[in-house]
Amino acid sequence: MKRHLISAADLTRDDAVLILDTAEEMARVADRPIKKLPTLRGRTVVNLFYEDSTRTRISFEAAAKRLSADVINFSAKGSSVSKGESLKDTALTLEAMGADAVVIRHHTSGAPHRLATSGWINGSVVNAGDGTHEHPTQALLDAFTMRRHLAGAPDGGPTHHRGPGDGTGRDLAGRKVTIVGDVLHSRVARSNVHLLTTLGAEVTLVAPPTLVPIGVEHWPCEVSYDLDAVLPTSDAVMMLRVQRERMNAAFFPTEREYARRYGLHGARMARMPEHAIVMHPGPMNRGMEITAEVADSTRCTAVEQVTNGVSIRMAALYLLLGGNEPAIAAAPPAPARTEETSTP
Ligand code: NCD
């Protein structure tokens, strides 16, 4: 593993599989009554958030805390950033406080890369979403969710009960993933295209022509404008939020028209194969890209994706910071023998 996690495009297949397999182990910790490991005791993780976030910020916080790290949450709103402080000066402050890892979300594409290569800080940098560029831990948690539902069954049937070491390889090779909606503004789509291709899946993007990025022909995926046509062959359908906060023009006539052509509703979902899942990174615009009926159906993994996000972020922080210590001790340490308890 490299020292930083900036982009899904940087991950080799081995890196990605290592993170996914480590996350499976971390997920087992969540099933214990005490959901905590001592692995990162004494380490400091800073969450540096320049953009609004619910899921990603609390997920990184929960992940770091479950590994016993000290967590400092920094939100640009209400900080000296509103007084004009630069990323550099903020970074130097974090370095002075001894941050071992900085998890950064920024509205500017490339900000995490700048932080990682600037020499301002010595710790690991984790990209928690930069502008319209990348969101690698989201792609990892999406792949983790798909692997749990889809991997390994050549007939495409569900494989919920299979696990690591079961001979299936838990591979996404040949799985068909359809990503639908505002691809132009979506760092989630970019990271997913890179990671899923690395893992052997086949990705199709579906969007109105105005929301397809320039240069998409160089991406390792297909593009379609007809959602109904691709649904019957999809193993997973990932709906994207329409990102109004990043839009500076009218990209479609009306919300109604968008929902009619690119929204997922019950009748459309019925066109998907029985084993296929519906995904959404959140936050959802119910009634726009997804109806409440679909969002609340058992086929929608949105809530499960949040749960899996904690395991993925635990795995990423552990692999970046944890060094050579095993993440999880094979067996709990035997209680120390003391004078009182030892038998003569
Ligand atoms: C995404 C993001 O922030 O890029 N959400 C997330 O991290 N769960 C997608 C979005 O905002 O629509």
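Residues numbered from 1 in each chain as written. Predicted model: local features only at pLDDT ≥ 70, side-chain atom pairs only at ≥ 80, totals over all residues. Heavy atoms only, no water.

Peer 1: What should I look at first to understand the site of the ligand in this one?
Peer 2: The immediate surroundings of the ligand are formed by Thr-56, Arg-105, His-135, Gln-138, Arg-187, Val-188, Arg-241, Gln-243, Pro-281, Gly-282 and Pro-283. Between the ligand and Arg-105 there is a distance of 3.1 Å, counted from an oxygen atom to a side-chain nitrogen or oxygen. When isolated, the ligand has an accessible area of 320 Å², and the protein chains bury 94% of it. In a pocket analysis with a 2 Å cut-off to the grid points, the ligand is assigned to the largest pocket. Residues of the shell around the ligand, tallied by class, amount to three nonpolar, five polar and three charged. (Near = heavy atom within 4 Å. Polar contact = N/O pair within 3.5 Å; in protein donor to acceptor, adjacent residues only side chain to side chain. Areas by Shrake-Rupley, 256 points an atom, 1.4 Å probe, with all protein chains shown as cover. 1 Å grid on protein atoms, 1.4 Å probe; cavity = no way out; pocket = protein on both sides within 12 Å on 5 of 7 lines; lining within 4 Å. Sits in = over half its atoms within 2 Å of the grid points. Nonpolar A, V, L, I, M, F, W, Y, C, P; charged D, E, K, R; others polar.)

Peer 1: Explanation requested: the nonpolar core in the structure shown.
Peer 2: It is characteristic of soluble globular proteins that their nonpolar side chains tend to be buried jointly. Grouped together as the largest cluster of nonpolar side chains are 89 residues, with contacts concentrated most on Met-146, Ile-179, Leu-195, Leu-205, Val-278 and Leu-317. At eleven residues, helix 11 (residues 302-321) tops the list of elements feeding residues into this core. A domain split of this core shows at least three residues from each of domain 1 (8-134 + 305-321) and domain 2 (136-301). If near-sequence neighbours (up to four positions away) are discounted, Val-278 is found in contact with Val-237, Met-239, Leu-264, Met-269, Met-272, Ile-290, Val-294, Arg-299, Cys-300 and Thr-301. Residues Val-46, Ala-76, Leu-94 and Ile-104 belong to the second largest nonpolar core, which totals 18 residues. (Core = buried A, V, L, I, M, F, W, Y, C linked by side-chain atoms within 4.5 Å. Buried < 20%, exposed > 50% of the residue type's maximum accessible area, 1.4 Å probe, protein only. Helix = DSSP H or I, 4+ residues; strand = E, 2+ residues; numbered from the N terminus. Domains from an automatic or database assignment. Contact = heavy atoms within 4.5 Å.)

Peer 1: What am I meant to see in the sheet that holds strand 1 (residues 44-49) here?
Peer 2: Two orientations exist for strands paired in a sheet by backbone hydrogen bonds: parallel and antiparallel. Spatial strand order, 2-1-3-4: four strands in an open sheet with parallel pairing. With partners counted over all chains shown, the strands left at the sheet margins are strand 2 (70-75) and strand 4 (124-130), one partner each. Taken pair by pair, the neighbouring strands of this sheet meet at an average axis angle of 15°, ignoring direction. Both strand 3 (residues 101-106) and strand 4 contribute to a ladder of five bridges, which runs parallel. From the neighbouring strand, His-106 faces strand 4, where its bridge partner is Asp-130. Lying on the sheet, helix 2 (residues 55-66) is in contact with strand 1, strand 2, strand 3 and strand 4; it crosses strand 1 at an angle near 180°. (Pairing = 2+ DSSP bridges. Axes fitted to C-alpha atoms, helices over the stretch in contact; angles between N-to-C directions.)

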